[in-house]
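# Observations on chain architecture
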Amino acid sequence: MQSTDLGNKESGKLWHRKPSPAARDGIIVNIIHSTCDYLPKVLRFLNVAFDSSGDRLIAGDHQGNIYVFDLYGNRFNLVQRTAQACTALAFNLRRKSEFLVALADYSIKCFDTVTKELVSWMRGHESSVFSISVHASGRYAITTSSDTAQLWDLDTFQRKRKLNILQSVGIQKVFFLPLSNTILSCFKDNSIFAWECDTLSCRYQLPAPPESSSILYKVFAVTRDGRILAAGGKSNHLHLWCLEAKQLFRIIQMPTKVRAIRHLEFLPDSFDAGSNQVLGVLSQDGIMRFVNIQTCKLLFEIGSLDEGISSSVISPHGRYIASIMENGSLNIYSVQALTQEINKPPPPLVKVIEDLPKSKLNSGDLKIKVTTGRVQRPAKSRENKIQTRILKQDLAGSFENKEILLPQPSVSGAWLSKGDLHSPSSWVFPSPPLTLDYLFFMNELSDGLNKKRLQVLLKGYGEYPMKYRMFIWRSLLQLPENHTAFSSLEDKGVHVAFLNLQKKYPIKSGKLLRVLQRTLSALAHWSAIFSDTPYLPLLAFPFVKLFQNNQLICFEVVATLIINWCQHWFEYFPNPPINILSMIENVLAFHDKDLLQHFIDHDITSQLYAWPLLETVFSEVLTREEWLKLFDNVFSNHPSFLLMTVVAYNICSRAPLLNCSLKDDFEYFFHHRNNLDISVVIREVYHLMDTTPTDIHPNSTLHVFVALTKGQYPVFNQYPKFIVDYQTQERERIRIDELDYLRERQMVEDMQAEVDQQRVEDEAWYQKQELLRKAEETRRELLLQEEEKMIQQRQRLASVKRELKVKEMHLQDATRRRFLKLQQDQREMELRRLDDEIERKLHMRDREIATTAKDLEMRHLELESQKRHYEKNLIRNQEAVAKEMREDANAFRRKVDLEEHMFHKLIETDQTQNQKTQELIEENLAKAEQACLNADWRIQALHKQRCDDLQRNECYQEVARLLRENRRKETEVLDAMMGEEAKKELWHRTLTNSGSCRIS
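Residues numbered from 1 in each chain as written. Predicted model: local features only at pLDDT ≥ 70, side-chain atom pairs only at ≥ 80, totals over all residues. Heavy atoms only, no water.

Per an unreviewed UniProt entry, the protein goes by TBC1 domain family member 31 and derives from Leptonychotes weddellii. Checking UniProt for the protein, the heading Function (unreviewed entry) contains the comment "Molecular adapter which is involved in cilium biogenesis. Part of a functional complex including OFD1 a centriolar protein involved in cilium assembly. Could regulate the cAMP-dependent phosphorylation of OFD1, and its subsequent ubiquitination by PJA2 which ultimately leads to its proteasomal degradation." Taken verbatim from the UniProt record of the protein, the Subunit (unreviewed entry) comment is "Interacts with PJA2; the interaction is direct and recruits PJA2 to centrosomes. Interacts with OFD1; regulates its activity in cilium assembly. Interacts with PRKACA." (UniProt positions renumbered as here; feature names shortened; annotations may be inferred.)

On a plain count of helices and strands, the protein comes out with 24 helices and 32 strands. For the protein, with 1000 residues in total, the buried portion stands at 41%. Here the protein has roughly 56,700 Å² of accessible surface; of this, 53% comes from carbon and sulfur atoms. (Helix = DSSP H or I, 4+ residues; strand = E, 2+ residues; numbered from the N terminus. Buried < 20%, exposed > 50% of the residue type's maximum accessible area, 1.4 Å probe, protein only. Areas by Shrake-Rupley, 256 points an atom, 1.4 Å probe, with all protein chains shown as cover.)

Next up on the list: the sheet that holds strand 14 (residues 148-153). Taken in spatial order, the 4 strands line up as 12-13-14-15 in an open sheet, and their pairing is antiparallel. One side of each edge strand has no neighbouring strand; the edge strands of this open sheet are strand 12 (129-134) and strand 15 (158-164). Within this sheet the neighbouring strands show an average axis-to-axis angle of 20°, counted without direction. As paired strands, strand 12 and strand 13 (residues 140-145) are joined by 5 bridges and run antiparallel to one another. Note on strand 13: the bridge partner recorded for Val 129 is Ser 145. (Pairing = 2+ DSSP bridges. Axes fitted to C-alpha atoms, helices over the stretch in contact; angles between N-to-C directions.)

All right, on to a positive patch on the surface then. Together, Arg 17, Lys 508, Lys 545, Arg 624 and Arg 673 make up a positively charged patch on the protein surface. With respect to the element layout, Arg 624 can be found in helix 16 (residues 624-635). (Patch = residues over 30% accessible without salt bridge, like charges linked within 9 Å, V, L, I, M, F, W, Y side chains within 5 Å. Salt bridge = Lys/Arg side-chain N within 4 Å of Asp/Glu carboxyl O. Lys, Arg positive; Asp, Glu negative; His and termini not counted. Charge placed at Lys NZ, Arg CZ, Asp CG, Glu CD.)

Burial of strand 16 (residues 171-176) is extensive: 5 of the 6 residues sit out of reach of the surface. When strand 16 meets strand 17 (residues 182-187), the two strands line up antiparallel, connected through 5 bridges. Bridged to Ile 171 within strand 17 is Phe 187.

This part covers the packing of helix 7 (residues 483-490) against helix 9 (residues 510-526). Taken N-terminus to C-terminus, the directions of helix 7 and helix 9 make an angle of 100°; their axes are 9 Å apart at the nearest point. Taken together, the axes of helix 7 and helix 9 are roughly perpendicular relative to one another. Between helix 7 and helix 9, the contacting residues are Phe 486, Leu 489 and Glu 490 on the first element and Arg 518, Ala 522, His 525 and Trp 526 on the second. In terms of residue class, the contact of helix 7 with helix 9 is built from 4 nonpolar, 1 polar and 2 charged. (Parallel < 35°, antiparallel > 145°, perpendicular 65-115°, else oblique. Contact = heavy atoms within 4.5 Å. Nonpolar A, V, L, I, M, F, W, Y, C, P; charged D, E, K, R; others polar.)

Under the counting rule described, the total for this entry stands at 36 aromatic pairs. Looking at Lys 109, its charged tip hangs above the ring of Trp 121, at a distance of 4.2 Å from the centre. Cation over ring: Lys 173 sits above Phe 175, and NZ or CZ is 5.1 Å from the ring centre. (Phe/Tyr/Trp six-rings, centres within 6.5 Å; stacked < 30°, edge-to-face > 60°. Lys NZ or Arg CZ within 6 Å of the ring centre and 35° of its normal.)

Taken together, the buried positions of helix 5 (residues 451-461) are occupied by Arg 453, Leu 454, Leu 457, Leu 458, Lys 459, Gly 460 and Tyr 461. At the exit of helix 5 stands Gly 462, carrying a positive phi of roughly 85°.

The topology assignment puts Asn 564 in helix 11 (residues 551-564). Residue Asn 564 is classed as buried on the basis of its relative accessible area, which comes to 1%. Of the polar contacts made by the side chain of Asn 564, one reaches the backbone oxygen of Thr 560; its length is 3.0 Å. From its side chain, Asn 564 meets the backbone nitrogen of Val 706 in a polar contact 2.5 Å long. (Polar contact = N/O pair within 3.5 Å; in protein donor to acceptor, adjacent residues only side chain to side chain.)

Here we take up the environment of Gly 7. With respect to the element layout, Gly 7 can be found in the loop between strand 1 (2-5) and strand 2 (11-12). Between the alpha carbons of Gly 7 and Val 42 there is a distance of 9.2 Å; along the sequence they are 35 residues apart.

Quick look at the pattern of salt bridges now. Tallied over the entire structure, the rule returns 35 salt bridges. With its nearest N and O atoms 3.0 Å apart, the salt bridge here joins Arg 139 to Asp 153. Within this pair, whereas Arg 139 is found in the loop between strand 12 and strand 13, its partner Asp 153 is found in strand 14, the two being separated by 14 residues in sequence. A salt bridge links Glu 244 to Arg 227; the nearest nitrogen and oxygen atoms lie 3.3 Å apart. In this pair, Glu 244 sits in the loop between strand 22 (237-242) and strand 23 (247-253) while Arg 227 sits in the loop between strand 20 (217-222) and strand 21 (228-233), placing the two residues 17 residues apart along the sequence. Given the relative accessible area of 45%, Arg 227 is considered partly exposed. Residues participating in the shared-partner salt-bridge network are Arg 95, Glu 98, Arg 139, Asp 153 and Asp 155.

Taken in spatial order, the 5 strands of this open sheet run 2-7-6-5-4, and their pairing is antiparallel. Two strands close off the open sheet at either side, each with one partner strand: strand 2 and strand 4 (45-50). When strand 4 meets strand 5 (residues 56-61), the two strands line up antiparallel, connected through 5 bridges. Looking at the pairing, Phe 50 lines up with Leu 57 of strand 5.

Its identity as a non-glycine residue notwithstanding, Gln 478 has a phi of 55°, on the positive side. Tracing the chain through its elements places Gln 478 in the loop between helix 6 (469-477) and helix 7. Its identity is not glycine, yet Val 617 carries a phi of approximately 45°, on the positive side. Among the structural elements, Val 617 can be located in the loop between helix 15 (611-615) and helix 16. Residue classification places Val 617 among the buried residues on the basis of a relative accessible area of 1%.

Before going further, it helps to examine the nonpolar core. Residues Trp 526, Phe 543, Leu 614, Phe 618, Trp 627, Phe 631 and Phe 635 are the most contacted members of the largest nonpolar core, which totals 103 residues. Among the elements that make up this core, the one with the highest residue count is helix 11 (10 residues). With near-sequence residues (within four places) excluded, Phe 543 lies in contact with Cys 554, Val 557, Val 558, Leu 561, Val 617, Trp 627, Phe 631 and Phe 635. With 21 residues, the next largest nonpolar core counts Leu 14, Ile 31, Phe 76 and Ile 324 among its residues. (Core = buried A, V, L, I, M, F, W, Y, C linked by side-chain atoms within 4.5 Å.)

This part takes up a nonpolar patch on the surface. Residues Val 494, Val 496 and Leu 499 make up a contiguous nonpolar surface patch of about 270 Å² in total accessible area. Positionally, Leu 499 belongs in the loop between helix 7 and helix 8 (501-504).

Here you go:
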């Protein structure tokens, strides 16, 4: 796996050698963005999106840096710095160079990747936008937040429609269906609606899911043909909806370890016509599992518990998967590598019939037959494993009837005999078949692991099966697994020599760094020399990476390697093992004198062409698969095999080495990977092991394999103890001196810092004073300039004011004239209105006078009628009284009471009549007085208005005459009424006197 750090670069290459993703993880490149500031930190990627071609993608981090990654052209470019985190990204499907980005301030911006300019800025959301969906035509886009979804026209960048919802019902997602004109809106209450894009009318609504498997939908995915909708949430159930039938047709249950689904994405295929069958399911544990929705089988996974995935996007053509990891980095996966095991043709059928120890083999006893057969391709389940029959025969039987059917032919395609297996020139190392695991496990493990049998199989296949390699290594190395002893070493904690390991060896994985630190500390606690061994981290790192999940095994493998394959390495400590390097040089001199002479001619010693390979155990020059293959052979042979490997590596690389003449070229060659077939190197090692003379063969110096002891680990003291002790003492003395020096230096630095700070403050104060003085002078000059400018402006203003004043006077004069004319017109209109009013009032006065005269006449007639009525009543009363006076006196006495009663009644009646008459008179007088007042007011108004009008004078005189006549008549009426009252009073007196006379 290649890793690329963007750093502060704005452009560059994604990878520096052609990527070769492994089938187990499929990672093409891992992209991180770290800063080189005072405190380095990693900027986390937040969002990623592919373009329509699938070969370019954009990614934005939490500081607003947006990069475009071209996977086809192997380039990356920084296209924008928005200075705020992006919440969603999408490419514009119509204009290929434009992309949309939703920012933390709730706005959406459109940028151009070529010109790096802002194309448009769209606002309208009141909360964070978490989804951008672009129509297949590229004309429209939908942006979704938790409270609303808005439809935008990408040609004008104007908002067309806005989806408003109730506050209690939030939006989960709103997006376009692929290759259709339909918008799908999914809400938090599990309701799903489909809308027509043009008219925004509701086409249909999906029914509610069954109660037995009801989940709150959180994530959604649609196939490329828009027929199937996948929905999931906080459950391990997946709901598949058929959008054509508008019904739920399948419920898929994920494994029990899946408790919630965070993301769904269909994997496109070029040959399925858009009806995608593989669905990627990202769960809460950070692992994305790809399942077939028809067979419901798990195909492959990406991510792990240690390196979890936060979100993923799949390219439109289905070649790449871009995943943002939980640590903030960006992984690009190759779908072809991930599906390599699924898509490759069925493997050949391999059958192992029997095997016998090597000592019993002869040239005619063993035959290897190559056959092919069809077997069903597998998923990694027990039901799909290839069924292989194991045919065992009596071990005492003849070996002529035994056969081993290998999956690959030899180079020549002929049969190989027993002699061929032992002849190094005829060995073949085919790639291990898929059924090799089963072959080895069923035919070897059942009888126990035998080193010689393993060596025979190793020479035949070139390597051990990956599935059982660790188990075979543990058996070959005879690891004791001393848990108690290892725990005591581990309990001592991190050794002081490896406290700052990360500074010297910066490892991206924190877990791997901790395991390496603990393993090295355990080795240092086991033997003091390992705390001073500079190359120990390089030696142990490949094993730590391989056994990082089992630290006990890792420690024991490294310890076994040091005891057996690192014999005599520490005799010349702290120098490289001169004796070991001399052995290698002697062997190289015997087998390739020209190459050694070339090294000598260019002053290249064994410390350059042999020691780098040994101290790193070939981990720098080999890939993982090559290194595992090599150590399958190293652990299966004598410890001298490793030294012979160094010689073989140089011999197999003699052509490029003979072309090198500079020391830097040699150093580069032995510290970097080279184009070398490891199988050829291993064959050469076996050849060297067999053809090297005994006097220079490392076998004569190195001991045979010795395993670690059970219970307690052996004491390791194969080094000059006095040197180590002296170095330890010197290191401690140096450490103490260094601490004193650092303490004193810190004091001096503090004092110097204070002095520098004071000096800086003084200089800053003087500079500030000087700046203030200059600023004061500058401001004084500016004030003078401003005053001059102000004087000039005042002069200009005065002249302008004079001009304005003249204009104002002209305007006022014109306005005054217009006002006078208007006032004159108003006066004329008012006079005309008054004339009309006067004429109207005169007409009304004439009518009122006529009406009043008629009323007076009517009143006069009424008074006359009342007068006659009173006279008649008086005569009637007089006659009744006279009649009563002529009656008999006795009758008068009997009726005295009645008469008195009648008399009082008459008195009351007269009083009532008099009161009414008085009220009527007063009312008439009031009306007459009011009429006089009105007439006087009218006369005065008319006199004031038309004093010179003679007709009005005549009218006034006529009115006065009528008033006098009216008053005269009123006087007559009053006199008549007073006379009547006098007569009534006289009559009452007379009647009273006559009554009293009668009574007397």
